[in-house]
Amino acid sequence: MAAATITKPHVLFVPRSAQGHINPALAFAKRLASEGINVTFIITTKLSKSAKISDCSSITIDYISDGSEEEVKEPKTIEAYYKRIKAVFSANLAEFIQRQKSTGSPAKLVIYDSTMPWVLDVAQEWGLLGAPFFTQSGAVSSIFYHLKQGSLKFPYEDSTVSLPALPTLQINDLPSLSKFMDSNQTILKLLADQFLNLDRAVWVFINTFDMLEKEVVEWMASRWPIKTVGPTFLLQQKYDKFSNQTISLFELKLDSYKEWLDSKEAGSVIYVSFGSTASLGKEQMEELAFGLIKSNCYFFWVVRSSEMDKLPHNFNSEKGLIVEWCNQPEVLAHRALACFISHCGWNSTLEALSYGVPLIAMAQWVDQNTNAKFIQDVWRVGVAIGVGENGIIGREEIAMCIAQVVGGERSIELKRNACKFKKLANEAVEYGGTSANNIQDFVSKLMS
Ligand SMILES: O=c1ccn([C@@H]2O[C@H](COP(=O)(O)OP(=O)(O)O[C@H]3O[C@H](CO)[C@@H](O)[C@H](O)[C@H]3O)[C@@H](O)[C@H]2O)c(=O)[nH]1
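Residues numbered from 1 in each chain as written. Predicted model: local features only at pLDDT ≥ 70, side-chain atom pairs only at ≥ 80, totals over all residues. Heavy atoms only, no water.

**Quick look at the layout of surface pockets**
Of the voids in this model, the second largest pocket is the one considered here, and its volume is about 390 Å³. As for the second largest pocket, its lining consists of 16 residues, and the residues nearest its centre are Tyr82, Lys86, Trp118, Leu190 and Asp193. For the lining of the second largest pocket, the elements supplying multiple residues, two or more each, are helix H3 (78-101), helix H4 (118-125) and helix H6 (186-192). The element best represented in the lining of the second largest pocket is H3, accounting for 5 residues. Residue composition of the lining of the second largest pocket, by class: 6 nonpolar, 3 polar and 7 charged. (1 Å grid on protein atoms, 1.4 Å probe; cavity = no way out; pocket = protein on both sides within 12 Å on 5 of 7 lines; lining within 4 Å. Points joined across faces, edges and corners; volume = space filled by probe spheres on them. Helix = DSSP H or I, 4+ residues; strand = E, 2+ residues; numbered from the N terminus. Nonpolar A, V, L, I, M, F, W, Y, C, P; charged D, E, K, R; others polar.)

Encoded structure:
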């Protein structure tokens, strides 16, 4: 008797075109591929022209246009811009799905970035299942739900806010949105609409782990088919050490930074990075530069090429190393690290926690304020030095915070807590851990 052919299920991944969204989605996609799932990872045609793609052999990368690569006149408003992207991408995705149906391996499920809920409509229209992937924390996700429901209003009205399964939050702890607000509140709608059609999603994936956000995850799980799968970058590392930047919008110049780090004593270097999009003002960059010098510590600072001209004129410090981009997980894992001055993007936050590195939070916008609140007051793994949208944080304050976190009175407690979360994050993705189990459960349902 001929052996039955087992058809591998096929999953399409549709991430948002930004480094902070691609990284966790790609790690998740590669993890599914390692379970025998056929994965196609879709990026936009525009992104495919600038991104450096490497080490993605376990999955298929494909391209769909969202119209942004064409030299057409840019839409006048931010609302018109998003509308155009949605219309062009939806039409092209529908075509892509149709084309795929005629192949021997049509997709069964689309996993899409939660900020693109219209992908679920396209998927369902063509008979596919859909599941959003949230790349922000559970706490932040739930805040956007309350904004969607109207149980929390923007502009925020009260000085403190009490929401289910969250600590009491001050206005400054809530996602900061005013910087982006147009008269139609486009960005607010985009973020709140993550909950637009969630009742039709077959699974809801979040890049977090249960022990980090237990209460809010339970609260969400009582409403939606939540599956925590994070930290996804750790999932990937179990298979693929430090190769998580395989679709990179930035050039990784290895320079001699590894050698530089290797030459430093354990726990002696401050790592500074503001992720892939945040941009400090010139004055703030200068204060940070002189704050670092004042701290008298070694520092390793990622300044993207677009930000370089904001450094003080002829800035040079024998204790500092400035690079344009690095392999951040690899740097955070280095024994030389003492702490991380971060904008608190969710990936950076998870990466720091997963390596037990205490944080100095300099949140810039949207979800970062809420992440900073949790870093300082809930997980107690760092100190927050500002959420201000306009205020400048001075060099004295920066140096003072560094002194507190590196060797100061609180440093032992912060390091102890950070190490606790390192253990919990790793346990979550190990065999039998909550994120690992959620993935196994999902994979076996998908295979059945
Ligand atoms: O030199 C560097 C600097 C950063 N990274 C990586 O780039 C990613 C940055 O992500 P994140 O820390 O989340 O920051 P953003 O790029 O700012 O991410 C956007 O997306 C996140 C997820 O939704 C949000 O939490 C942020 O607020 C939003 O700005 C991380 O994986 C880092 O490891 C590098 O590999 N090398």
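**So, the packing of aromatic side chains**
Geometry of an aromatic ring pair is reported as the spacing of the ring centres plus the angle between the planes. Inspection of the entire model under this criterion finds 29 aromatic pairs. Where Phe28 meets Phe133, the ring centres are 5.3 Å apart and the plane angle is 45 degrees; that geometry is what we call tilted. In this pair, Phe28 is assigned in helix H1 (residues 19-33) and Phe133 in strand S6 (residues 129-134), connecting sequence segments 105 residues apart. Every member of this aromatic cluster is reached through a ring pair, and the members are Phe13, Phe28, Phe41, Phe133, Trp203, Phe205 and Phe442. When the ring centre of Trp260 is taken as reference, the NZ or CZ atom of Lys264 above it lies at 4.5 Å. Across the ring face of Tyr298, the terminal group of Lys319 is positioned such that the distance to the ring centre comes to 4.8 Å. (Phe/Tyr/Trp six-rings, centres within 6.5 Å; stacked < 30°, edge-to-face > 60°. Lys NZ or Arg CZ within 6 Å of the ring centre and 35° of its normal.)

**Brief notes about the pairing of strand S15 (residues 337-342)**
Where a strand is regular, its side chains alternate between the two sheet faces. Extensive coverage of S15 is indicated by the burial of 6 of its 6 residues. Bridge count for S15 against strand S16 (residues 359-361) is 3 bridges, and the pairing is parallel. Opposite Phe340, over in S16, you have Leu359 as the bridge partner. (Buried < 20%, exposed > 50% of the residue type's maximum accessible area, 1.4 Å probe, protein only. Pairing = 2+ DSSP bridges.)

**Details of the sheet that holds strand S12 (residues 269-273)**
Spatially, S14-S13-S12-S15-S16-S17 is the arrangement adopted by the 6 strands of the open sheet, whose pairing is parallel. In this open sheet, the two strands that pair with only one neighbour each are strand S14 (320-323) and strand S17 (382-384). Each strand axis lies, on average, 15 degrees off the axis of its neighbour in the sheet, ignoring direction. (Axes fitted to C-alpha atoms, helices over the stretch in contact; angles between N-to-C directions.)

**Describing the sheet that holds strand S9 (residues 204-206)**
Pairing in this open sheet of 7 strands is parallel, and the strands run S4-S2-S1-S5-S6-S9-S10 from one edge to the other. Edge positions in the open sheet fall to strand S4 (60-64) and strand S10 (226-228), since each of these has one partner strand only. Recorded for the sheet is a direction-independent mean angle of 25 degrees between the axes of neighbouring strands. In terms of strand pairing, S9 meets S10 through 3 bridges, oriented parallel. Across the sheet, residue Val204 finds its bridge partner in S10, namely Ile226.

**Some remarks on the packing of H3 against H4**
The contact between H3 and H4 brings their axes to 10 Å, and the two run at 30 degrees. For the element pair H3 / H4, the angle class is roughly parallel. Crossing of H3 over H4 shows right-handed handedness. Taking contact as the criterion, the partners of Lys86, Phe89, Ser90, Leu93, Ala94 and Ile97 in H3 are, on H4, Trp118, Val119, Val122 and Ala123. Taken together, the residues of the contact of H3 with H4 break down into 8 nonpolar, 1 polar and 1 charged. (Parallel < 35°, antiparallel > 145°, perpendicular 65-115°, else oblique. Left-handed = near helix turned anticlockwise from the far one by under 90°. Contact = heavy atoms within 4.5 Å.)

**Things to note about empty space enclosed by the protein**
Evaluated as defined, the whole model comprises 3 cavities of 30 Å³ or more. Volume-wise, the largest cavity comes out at about 90 Å³. Together, Phe274, Gly275, Ala278, Ser279, Leu280, Met285, Trp301, Val302, Val303, Arg304 and Glu307 line the largest cavity. Considered class by class, the residues forming the lining of the largest cavity number 7 nonpolar, 2 polar and 2 charged. Looking at the lining of the second largest cavity, the elements that each hand over two or more residues are H1, helix H8 (232-237) and helix H12 (346-354). Among the elements that line the lining of the second largest cavity, the one with the most residues is H12, at 3 residues. Partitioned by chemical class, the residues of the lining of the second largest cavity number 4 nonpolar, 5 polar and 1 charged.

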